[in-house]
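Reading the structure
Listed here are the chains, written in short residue letters.
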Amino acid sequence: MSGLGIWNYVIIVLLMMTGLYMVISANNLVKKLIGLNVFQTSVFFLYISFGYIVDGAGPVLNDGATAYANPLTHVLILTAIVVGVATTAVGLALTVRIKESFGSIEEDDLHKMDSSI
Amino acid sequence: MLAHLPVLVVLAPLLAAPVLAMMRGSNAPWLLATLVSWLSLGFSILLLMQVNDGGQISYAMGGWAPPWGIEYRIDFTNALLLVLITGLASVVLPYARLSVDHEIGPQRAPMFYAALMLLTLGLCGMAATGDAFNVFVFLEISSLATYSLIAMGRDRRALTASFTYLIMGTIGATFYLIGVGFLYVMTGTLNMADLAERLPELSDSSTVRTAFAMIVTGICLKLALFPLHLWLPNAYTYAPSAVTAMVAATATKVAVYLLIRFIYVVFGAEFSFSEEPLAEVLIPLAVIGLLSASTVSITQPDIKRMLAYSSVAQIGYIVLGLAMGTVAGLTAALLHMFNHGLMKGALFMALGAVAYRFGGTGIENMRGLARTMPLTFWAFVIGGLSLIGVPLTVGFISKWYLIVAAVELGWWPIVVVILAGSMLAVVYIGRVIEAGVFQAPADPTRREAPWGLLIPLWILVIANVWLGIDTRLTVDIAEAAAAQLMAGGGFR
């Protein structure tokens, strides 16, 4: 656990909980999506930290290096980032359409309008 | 070509989706999507026959040998599930033509069919793959397609329903991702068979336990187990009829399959049930969900919403079966997974036909339906009887096996709960039958739904009755699948 040490994971957990709390507590739909992004990003960091090896070089062959970081976690997260971007895009597109048809993106207002129909 | 079947099932809708998105009009995209779904169904049936003849199929994606490359692994369980997914797609797509023109409009039709193909692709991929991370990718593909399909509903509340589902679905998928990360860090592999081999010696590790909790919670969010079902009622109610039929019949079932795969194969039944309190957690939730959701559905004025709550209750039955940890319980869960897909598909399609004629699915639209739309109405009744579990329908078969499994364990209170759930189903389906038969219609002229909706609907209804009488096909496969899963999927 030297090198990055356990603090890396402490920060990841803090980010994760901050993101999840934002998703639950925020009233504004865009803020919810920001929270969701923070939550997802913390998981990306988690994977990248898994792949780290003390004194390991980046996973590109070079002469001086004796150990390399695990490239697989990077590749996985590359995929997960793409998925995250797509989710955010769909979420924002939905938010735009909600704004167009309800005139608001505040969850309280939406609930009121829903129950009045 | 036969050797490539596992990937062809996934590939056919994948290749069709971008072509569909570029097409114009509504008839040509519809025809292409329908043909592709029939092709996929053909592939899945061939796969099931292959599994039946020669046991499991392992397919190395791109020729990279597992566990380094991605492996597609087909056994009885996922072969059965693939038949369910592609079969439902093959019935829903012919049905979709009129329904989509009516509810979505021809302009957005190509995009609708493209999204429906992406949904099919994601579900098939989740079922076929033997790689834990690959599951996440397909899970997100199918989820993103579902969000956009739900948002195409006519009611503006479809948008908020879709948004809620997006938030909860993404949290579920991310939980799953965290769990898979923990497993990778402990074992250095993502291949399910390889994981199953390496995990038993690590069962004391708190990281593996955390991974187990994360994965089970994440998947339970996707399969809408009480109390994680909050996204489901609105999403099913406001989605277009064809989408509700497809999603309700297949999407939660694939999540059930994933749960079974992880509990019984990747972690192993011994770890899940003896070392982790899985049954103690899942069974109370399943029982509460079953009873509360059935009760709530009785009071729903909108029949589509009523059936959505009933879906939450049915998930309770399935989870009850798989949480028993016995071969009999697992058989019942697999049977109900398949059979519930058939009955909910039929019921939602019947409601779609009502919506096509009356523009809504409220209980007031059901009045006198036996006279105005007899074929649609009796299709609904047969589907409803199947949901209750009346003999000669598929619902009876799966409930029977579930009760037998509970009796085998001596769990009499559970038997009472299962029967009570059926009684509640009698009440909520009875409401619709009462309105349809005994109440006078507002306008007594006969307005039967067009054949384009009725034929696919009745194909599913006949499947409900046929497989309820001739149980050889489903029961034999479910029993073989359960035995295979109990033995660790034949992986160990």
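Each value, and the rule that gives it
- As a convention, each chain's residues are numbered from 1 in the sequence order in which they are written.
- Working convention: letters from A go to chains and numbers from 1 go to ligands, in the order in which they are written.
- Side-chain atom pairs in this predicted model are given and counted only at pLDDT of 80 or more, local residue features only at pLDDT of at least 70, and totals for whole chains, interfaces and linings cover all residues.
- Side-chain metrics in this entry use all non-hydrogen atoms of the structure; hydrogen atoms and water are not considered.
- Numbering goes from the N terminus for both helices and strands, where a helix is a DSSP run of H or I of at least four residues and a strand is a run of E of at least two.
- We compute the radius of gyration over the C-alpha atoms and compare it with the globule rule, which gives 2.2 Å times the number of residues raised to the power 0.38.
- Partly exposed describes any residue whose relative accessible area lies between the buried limit of under 20% and the exposed limit of over 50%, with all areas from a 1.4 Å probe on protein chains only and scaled to the type maximum.
- Under the convention used here, Asp and Glu are negative, Lys and Arg are positive, and both His and the chain ends fall outside the count.
- All charge positions are set by atom: Lys at NZ, Arg at CZ, Asp at CG, Glu at CD.
- By definition in these notes, contact holds between two residues if any of their heavy atoms fall within 4.5 Å.
- Once two parts are put together, the accessible area they lose, assessed with a 1.4 Å probe and summed over both, is termed the buried area.
- The salt bridge criterion pairs a side-chain nitrogen of Lys or Arg with a carboxyl oxygen of Asp or Glu, the two atoms within 4 Å.
- Here a polar contact is taken to be a pair of N or O atoms separated by no more than 3.5 Å, where protein atoms must pair a possible hydrogen donor with a possible acceptor and residues adjacent in sequence count only if both atoms sit in side chains.
- Aromatic contacts are taken between Phe, Tyr and Trp rings whose centres are within 6.5 Å, Trp giving its six-membered ring; a plane angle under 30 degrees counts as stacked, one over 60 as edge-to-face, and the others as tilted.
- Charge-over-ring placement is defined geometrically: NZ (Lys) or CZ (Arg) within 6 Å of the ring centre, and within 35 degrees of the ring normal.
- Axis lines are fitted to C-alpha atoms, over the contacting stretch for helices. Their N-to-C directions set the angle, which ranges from 0 to 180 degrees.
- To sort the angles, those under 35 degrees are grouped as roughly parallel, those over 145 as roughly antiparallel, those from 65 to 115 as roughly perpendicular, and the leftovers as oblique.
- Take the far helix as your reference; a near helix turned counterclockwise from it by less than a right angle gives a left-handed crossing, and one turned clockwise gives a right-handed crossing.
- Side-chain classes are defined by residue name, with Ala, Val, Leu, Ile, Met, Phe, Trp, Tyr, Cys and Pro counting as nonpolar, Asp, Glu, Lys and Arg as charged, and the others, Gly among them, as polar.
- Per-residue confidence from the predictor is reported as pLDDT, which spans 0 to 100.
- Working rule for helices: expected span equals 1.5 Å times residues minus one.

1. Examining the overall build of chain B
Counting secondary structure elements, chain B contains 20 helices and two strands. Relative to a compact globule of 492 residues, whose C-alpha radius of gyration would be 23 Å, chain B shows 21 Å and is just as compact. Per-residue burial over chain B gives 66% buried out of 492 residues. Taken as two groups, the 24 positive and 25 negative side-chain charges of chain B have centres that lie 14 Å from each other.

2. Concerning the interface of chain B and chain A
Residue-level contacts link 28 residues of chain B with 34 residues of chain A. Looking at the side of chain B facing chain A, the largest losses of area belong to B:Arg156, B:Leu159 and B:Phe163, adding up to 23% of the total buried there. Where chain B meets chain A, there are zero salt bridges. Taken together, the links from chain B to chain A amount to four residue pairs in polar contact (both at pLDDT 80 or more). For the side of chain B that touches chain A, the elements supplying multiple residues, two or more each, are helix H5 (132–151) and helix H6 (157–187) of chain B.

3. A few points about the side chain of B:Arg261
With respect to the helices and strands, the residue B:Arg261 is situated in helix H10 (residues 241–266). In contact with B:Arg261, not counting residues within four places along its chain, are B:Asp75, B:Asn78, B:Met192, B:Val266 and B:Leu485.

4. Let's talk about the packing of aromatic side chains
Within the structure shown, the criterion is met by 17 aromatic pairs over all chains. Between the aromatic rings of B:Phe112 and B:Tyr113, the centroid separation amounts to 5.5 Å while the plane-to-plane angle is 80°, which identifies the pairing as edge-to-face. Taken together, the ring pairs connect B:Tyr176, B:Phe212, B:Phe262, B:Phe267 and B:Phe271 into an aromatic cluster. Over the aromatic face of B:Trp30 sits the side chain of B:Arg97, whose NZ or CZ is 5.2 Å from the ring centroid. Residue placement shows B:Arg156 over the ring face of A:Phe102; its charged tip is 4.2 Å from the ring centre.

5. Brief notes about the packing of helix H1 (residues 7–25) of chain A against helix H2 (residues 29–51) of chain A
All names here are of chain A. For the pair H1 and H2, the least separation of the axes is 7 Å and the interaxial angle reads 160°. What the angle tells us is that H1 and H2 run roughly antiparallel. As for how H1 packs across H2, the hand of that crossing is left-handed. Among the residues forming the contact of H1 with H2, the class breakdown is 16 nonpolar, five polar and two charged.

6. A short note on the confidence of the model for chain A
The share of residues in chain A with pLDDT of 70 or more is 94%, and the mean pLDDT across the chain is 87. Per-element confidence in chain A is highest for H2(A), whose mean pLDDT is 93, and lowest for helix H4 (residues 107–116) of chain A, whose mean pLDDT is 78.

7. Digging into unusual backbone geometry
All names here are of chain B. With an omega of 5°, the peptide bond between Pro66 and Pro67 qualifies as cis. By the secondary structure assignment, Pro67 is in the loop between strand E1 (57–60) and strand E2 (71–74). Between Phe226 and the following residue, Pro227, the backbone shows a cis peptide bond with an omega angle of 0°. Along the chain, Pro227 falls in the loop between helix H8 (206–222) and helix H9 (232–238). One non-glycine residue, Ala224, adopts positive backbone phi at about 60°. Following the sequence through the fold, Ala224 ends up in the loop between H8 and H9. Look at Ala224 and you get buried, because its relative accessible area is 0%. Notably, Leu392 is not glycine yet its phi reads approximately 80°, a positive angle. For Leu392, the location among the structural elements is in the loop between helix H16 (374–388) and helix H17 (394–409).

8. Focus: the pattern of salt bridges
Pairing is possible between side chains of opposite charge, provided their charged atoms come close. Residue and element names in this part refer to chain B. Inspection of the entire model under this criterion finds eight salt bridges over all chains. As a salt-bridge pair, Glu71 and Arg73 come within 3.2 Å of each other at their nearest N and O atoms. Under the relative-accessibility criterion, Glu71 is labelled buried at 3%. Taking relative accessible area as the criterion, Arg73 reaches 19% and is therefore assigned buried. Residue Asp155 is joined to Arg157 by a salt bridge in which the shortest nitrogen-to-oxygen separation is 2.9 Å. Relative accessible area serves as the criterion here: at 15%, Arg157 is assigned to the buried category. Through salt bridges with shared partners, a single ionic network connects Arg209, Glu275 and Glu276.

9. Looking at H6(B)
Residue and element names in this part refer to chain B. With 31 residues, H6 ought to run about 45 Å at 1.5 Å a step, and its terminal C-alpha atoms sit 45 Å apart, in line with that. Counting buried residues in H6 gives 28 out of 31 residues, a clear majority hidden from the surface. Downstream of H6 by a residue or two, Gly188 has a phi angle that is positive, lying close to 75°.

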